[in-house]
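Listed below are the residues making up each chain.
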Amino acid sequence: MTATGATWRNWARTESARPHRVERPADAWAVQRAVLAAADSGLRIKPVGASHSFTGIAVAPDVQLDLADLSGVIEADAATGRVTLGAGTPLHRLPRLLEPYGLALPNMGDIDSQTIAGATSTGTHGSGLGFGGLATQIVAAKLVTGTGELLTVSETERPDLLPAVRLGLGALGVLVEVTLQLVPRFVLRAVERNAPFDEVWDGWLDRVRAEDHLDVYWFPHTTTAFTKTNTRLPGDAPRHPVGSLKGWVDDELLANGTLWAICALGYIAPSVTPPLARVVERLTPDREFSDHSQRVFTANRSVRFREMEYALPLEAIPDAVREVRSLVERKGWRVSLPIEVRAAASDDNWLSTAYGRESGYIAVHRFYREDHTEYFAGVEAIMRSFAGRPHWGKMHTQTAATLREVYPRFDDFVRVRDELDPEGRFANAYLDRVLGGVRADASATGSAGAA
């Protein structure tokens, strides 16, 4: 089924496009047909996912693929913990889909709007030094390459391609299935506390190694940081969830509602931002609760924003956070949204922000109606001074030339891209910027399945 004329926009309203046509394939064969049809017409083609990336990574200039019908559990083995999913499956549907098998994702980020293919392809991650990003959970995948081939990559079929395909930026092909290694369902105990800014960062390295999961949020213009510590418990552990009324008050009224008010008022009158941030600091409650993992990992985000996030060597995080604080104070910026800090394990996916090193993540945000340019540029300069790597789905200004300096396997990934998509069928302006264009002679370097 195809449709034309509609304008697509991403969630953050940073990107838009009006593709020539939109297709909604129902199976892998329909994806192959769509790719071959695009090739016959000399058009580019891109799957769009949930449109939650802040960059232009999913912009489809010619043909847009909506993979919503490639969704759900295809195959599951509760004994091994391996589950094959349609690539268009939204993360927020996984708890219900996995419940019959008693399984769960080992780790999650704090947003579950994305599709499984979109989340893994852009390097989505959670927190915790014992856990890699979502892409590390992939043990097999099926994708349609730029020549229309349906390629299977697994531990036994073309395993040499797994480190590229797990986190492929949408540049290697259209994912149609992914097989994940999951874990038995578990409970998380959350402890949320405010603590003095310097105390948090003086002890951060020790604490992040001691805890299962640690998230830290700091609102500019305040003297404390908000910490959320999640401890893993067995799936049959007693649960003490936040009550529906208290949850609404804490998460919707105080968190989203107050944050919206600060952003809206700060946009109109920036001078009110610091005192309002200090009000939020006083109102944020300390609390403890426990629940099934997905209900603790994720949170509703109703305030629209723009985001930039960088991965740094773990030990650089405290100094980098302090430099960001000094920059904000020196420039006199009025920033209404918090800085978020997490950590993740090292992994071996070639374009993972955590490739080859334990990594800490610093994310900065700006209300979507405000101009983020100067703030993000200043923070980005700090991140790059620490050999930072930008999140592929969040805003940054780096190019293939600068990214090659911080990714040891960058050229290996580009070589695979050139072989699986020799004509640049999946390219767009963003991918051309961060990977460079497909070589004109790429089709002569080998078959689409070679690497």
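For the structure itself, look to the data block above.
A.B. asks: Teacher, can you tell me more about the overall build of the protein here?
C.D. replies: Scanning the protein for helices and strands turns up 14 helices and 21 strands. Taking 22 Å as the expected radius of gyration for a compact globule of 451 residues, we find that the protein reaches 22 Å, a close match to that expectation. When each of the 451 residues of the protein is scored for burial, the buried share is 58%. Counting only contacts in the protein whose residues sit at least 6 apart along the sequence, the fraction spanning at least 24 positions is 74%. Total accessible area on the protein is roughly 17,900 Å²; 51% of this is exposed by carbon and sulfur atoms. When the 49 positive and 56 negative side-chain charges of the protein are each reduced to one mean point, those points stand 4 Å apart.

A.B. asks: Help me out: how do you make sense of the environment of Val379 in this one?
C.D. replies: Considering the arrangement of structural elements, one finds Val379 in helix H11 (residues 373-385). With near-sequence residues (within four places) excluded, Val379 lies in contact with Met308, Val324, Leu327 and Val364.

A.B. asks: What is the right way to read the packing of aromatic side chains from this model?
C.D. replies: Given two aromatic rings, one states the distance between the centres and the angle between the planes to describe the pair. Scanning the entire structure with this criterion turns up 13 aromatic pairs. Among the aromatic residues, those joined into a ring-pair cluster are Phe197, Trp201, Trp204 and Trp218. Between the NZ or CZ atom of Arg304 and the centre of the ring of Tyr368, over which it lies, the distance is 5.8 Å.

A.B. asks: Just to check I follow, could you spell out the sheet that holds strand E12 (residues 174-181) for this structure?
C.D. replies: Hydrogen bonding along the main chain pairs the strands of a sheet, whether they run parallel or antiparallel. Sheet architecture is open: five strands sit in the order E7-E8-E12-E10-E11, paired in antiparallel fashion. Pairing within the sheet leaves two strands with one partner each, and these edge strands are strand E7 (73-77) and strand E11 (150-154). Each strand of the sheet is rotated relative to its neighbour by a mean of 10 degrees, with strand direction disregarded. Relative to E12, strand E10 (residues 138-144) is paired through six bridges, and the arrangement is antiparallel. Looking across to E12, one finds that Val144 is bridged to Val174.

A.B. asks: Explain unusual backbone geometry to me, please; I cannot follow it from the model alone.
C.D. replies: Most peptide bonds adopt trans geometry, and most residues besides glycine take a negative phi value. Even without being a glycine, Leu169 presents a positive backbone phi close to 60 degrees. Here Leu169 lies in the loop between helix H4 (162-165) and E12. Even without being glycine, Ala387 reaches a positive phi, approximately 60 degrees. Residue placement: Ala387 occurs in the loop between H11 and strand E21 (389-390).

A.B. asks: What is the right way to look at the side chain of Glu370 in this model?
C.D. replies: Its location among the elements puts Glu370 in the loop between strand E20 (359-367) and H11. By relative accessible area, Glu370 is classed as buried at 10%. If sequence neighbours within four positions are ignored, Glu370 has contacts with Gly266, Tyr267, Arg306 and Ser336.

A.B. asks: Looking at this structure, how should I read the sheet that holds strand E19 (residues 339-344)?
C.D. replies: The strand order across the open sheet built from eight strands is E17-E14-E16-E15-E19-E20-E18-E21, with neighbouring strands paired in antiparallel fashion. Because the sheet does not close on itself, it has two edges, and the strands there are strand E17 (287-292) and E21. Across five bridges, E19 lies against E20 in antiparallel orientation. Note on E20: the bridge partner recorded for Ala344 is Ser359. Helix-sheet contacts for H11 involve strand E18 (305-313), E19 and E20, and the interaxial angle to E18 is about 10 degrees.

Scoring rules and cut-offs
- Position labels on residues start from 1 in each chain and follow its written sequence.
- Note on the predicted model: pLDDT of at least 70 is required for a residue's local features to be given, and 80 or more for side-chain atom pairs to be given and counted; whole-chain, interface and lining totals, by contrast, use all residues.
- To obtain the side-chain values, all non-hydrogen atoms of the structure were used and water was disregarded.
- Here a helix means four or more residues in a row that DSSP labels H or I, a strand means two or more in a row labelled E, and each is numbered from the N terminus.
- When we talk radius of gyration, it's over C-alpha atoms, and the globule rule is simply 2.2 Å times the number of residues to the 0.38.
- Classification of residues uses two cut-offs on accessible area relative to the type maximum, computed with a 1.4 Å probe and protein chains only: under 20% is buried, over 50% is exposed, and between them is partly exposed.
- When checking whether two residues touch, look at their non-hydrogen atoms; a contact exists if any pair is within 4.5 Å.
- Here the accessible surface of atoms and residues is derived via Shrake-Rupley with a 1.4 Å probe, and residues count as covered only by protein chains that are part of the display.
- Think of it this way: Lys and Arg go in the positive column, Asp and Glu in the negative one, and His and the chain ends go nowhere.
- The atoms used to mark charge sites are NZ of Lys, CZ of Arg, CG of Asp and CD of Glu.
- Side-chain rings of Phe, Tyr and Trp (the six-membered ring for Trp) are treated as a pair once their centres are within 6.5 Å; stacked means planes under 30 degrees apart, edge-to-face means over 60, and tilted covers the remaining angles.
- Only Lys NZ and Arg CZ are tested; either one counts as a charge over a ring when it is within 6 Å of the ring centre and within 35 degrees of the ring normal.
- Criterion used throughout: strands pair if DSSP finds at least two bridges between them.
- Axis lines are fitted through C-alpha atoms, for helices just across the contact stretch, and the angle between N-to-C directions can take any value from 0 to 180 degrees.

In short, shape yes, function no, at least from these values alone.
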